[in-house]
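# Tertiary structure, described
Spelled out from the first residue to the last, the chains are:
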Amino acid sequence: MAESANRVYAIKTTAKQERTVADNIEKVTREQKDIHVVAVMVPEELKGYVLVESPDSIARIEQMVELIPHARAVVQGSTALSEVEHFLVPKPVVSGITEGTIVEIIAGPFKGEKAVVKRIDSGKEEITVELYESMVPIPITVRGDSVRVVERSEDAI
């Protein structure tokens, strides 16, 4: 099928300008009908790069990059979609957090407080914590994205 003919190219960008470059790619391909882009990805883990899926040759992609501010160059070579598929699967918010980990609450009424993780509910992406410096240990359930890991400690309380 035509999909297998598409290749994925990595475009080097100015730091923190990945989203801007992705938006500009969309604008340029709308204006330049002879440049074909099927998809644009801006993976969070891949700082300074934008991935572009296109049936066009690397030369066409390089021509497109010249028209886009903050796009620096095309990394030589292309890759198959199967090699970048892992960027398409969202990572669970609570991954990397284990029981006993010390976290800082970054949202809600307890913002700024440090706490110890007591239980993790991966299905709901929630964690139950106890405030670190509290006189009475009260379990509090918070969303996984409203905490920041301060210290990964297996021997914590």
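For the structure itself, consult the block above.
Residues numbered from 1 in each chain as written. Predicted model: local features only at pLDDT ≥ 70, side-chain atom pairs only at ≥ 80, totals over all residues. Heavy atoms only, no water.

Okay, helix H1 (residues 18-31) next. Taking 1.5 Å of rise per residue, the 14 residues of H1 would be expected to cover 20 Å, and the 20 Å separating its terminal C-alpha atoms lies within 8% of that figure. Listed in full, the buried residues belonging to H1 are Glu18, Val21, Ala22, Asn24, Ile25, Val28 and Thr29. An end-on view of H1 places all buried positions within 165° of arc, on one side of the element. More than 90 degrees from the buried face of H1, the exposed residues found are Arg19 and Glu31. On its buried face, H1 is in contact with strand S1 (7-13), strand S2 (39-41), strand S3 (49-54), helix H2 (58-66) and strand S4 (71-74). (Helix = DSSP H or I, 4+ residues; strand = E, 2+ residues; numbered from the N terminus. Expected span 1.5 Å × (residues − 1). Buried < 20%, exposed > 50% of the residue type's maximum accessible area, 1.4 Å probe, protein only. Arc of directions from axis to C-beta. Contact = heavy atoms within 4.5 Å.)

Let us look at the packing of aromatic side chains. One pass over the full model with this rule turns up 0 aromatic pairs. Across the ring face of Tyr49, the terminal group of Lys12 is positioned such that the distance to the ring centre comes to 5.0 Å. (Phe/Tyr/Trp six-rings, centres within 6.5 Å; stacked < 30°, edge-to-face > 60°. Lys NZ or Arg CZ within 6 Å of the ring centre and 35° of its normal.)

In this section: the side chain of Thr128. As for its placement among the helices and strands, Thr128 is situated in strand S7 (residues 126-131). Residue classification places Thr128 among the buried positions, given a relative accessible area of 7%. Reaching out from Thr128, the side chain makes a polar contact with the side chain of Thr141 at a distance of 3.3 Å. Once residues within four sequence positions are removed from consideration, Thr128 is found in contact with Val116, Val117, Lys118, Arg119, Pro139, Ile140 and Thr141. (Polar contact = N/O pair within 3.5 Å; in protein donor to acceptor, adjacent residues only side chain to side chain.)

Where burial is concerned, the two faces of strand S5 (residues 102-105) agree: the one with Ile102 and Glu104 and the one with Val103 and Ile105 are both buried. Alignment of S5 against strand S6 (residues 114-121), held across 3 bridges, turns out to be antiparallel. Its bridge partner being in S6, Glu104 is matched across the sheet by Lys114. In terms of strand pairing, S5 meets strand S9 (residues 147-151) through 4 bridges, oriented antiparallel. Note on S9: the bridge partner recorded for Ile105 is Val147. (Pairing = 2+ DSSP bridges.)

The next thing to look at is the nonpolar core. Ile11, Ile25, Met64 and Ile68 are the most contacted members of the largest nonpolar core, which totals 14 residues. Counting residues per element, the ones that place at least two in this core are S1, H1, S3, H2 and S4. Contact partners of Ile68, with chain neighbours within four places excluded, come to Val21, Asn24, Ile25 and Val28. Counting residues in each nonpolar core, the second largest holds 12 residues, with Ile97, Ile127, Leu131 and Val147 among its members. (Core = buried A, V, L, I, M, F, W, Y, C linked by side-chain atoms within 4.5 Å.)

Time to look at unusual backbone geometry. Unusually for a residue other than glycine, His70 sits at a positive phi of about 75°. Residue classification places His70 among the partly exposed residues on the basis of a relative accessible area of 32%. The phi dihedral of Glu125 falls on the positive side, at around 55°, and the residue is not glycine. Counting through the fold element by element, Glu125 comes out in the loop between S6 and S7.

For Val93, the position within the fold is in the loop between S4 and S5. Setting aside its immediate chain neighbours within four residues, Val93 contacts Glu125, Gly144 and Asp145.

Looking now at the sheet that holds S2. With antiparallel pairing, the 4 strands of this open sheet are ordered in space as S2-S3-S1-S4. Two strands bound the open sheet, and with one partner strand each, they are S2 and S4. Adjacent strand axes in the sheet meet at a mean angle of 30° when their direction is disregarded. In terms of strand pairing, S2 meets S3 through 3 bridges, oriented antiparallel. Note that in S3 the partner of Met41 across the bridge is Leu51. (Axes fitted to C-alpha atoms, helices over the stretch in contact; angles between N-to-C directions.)

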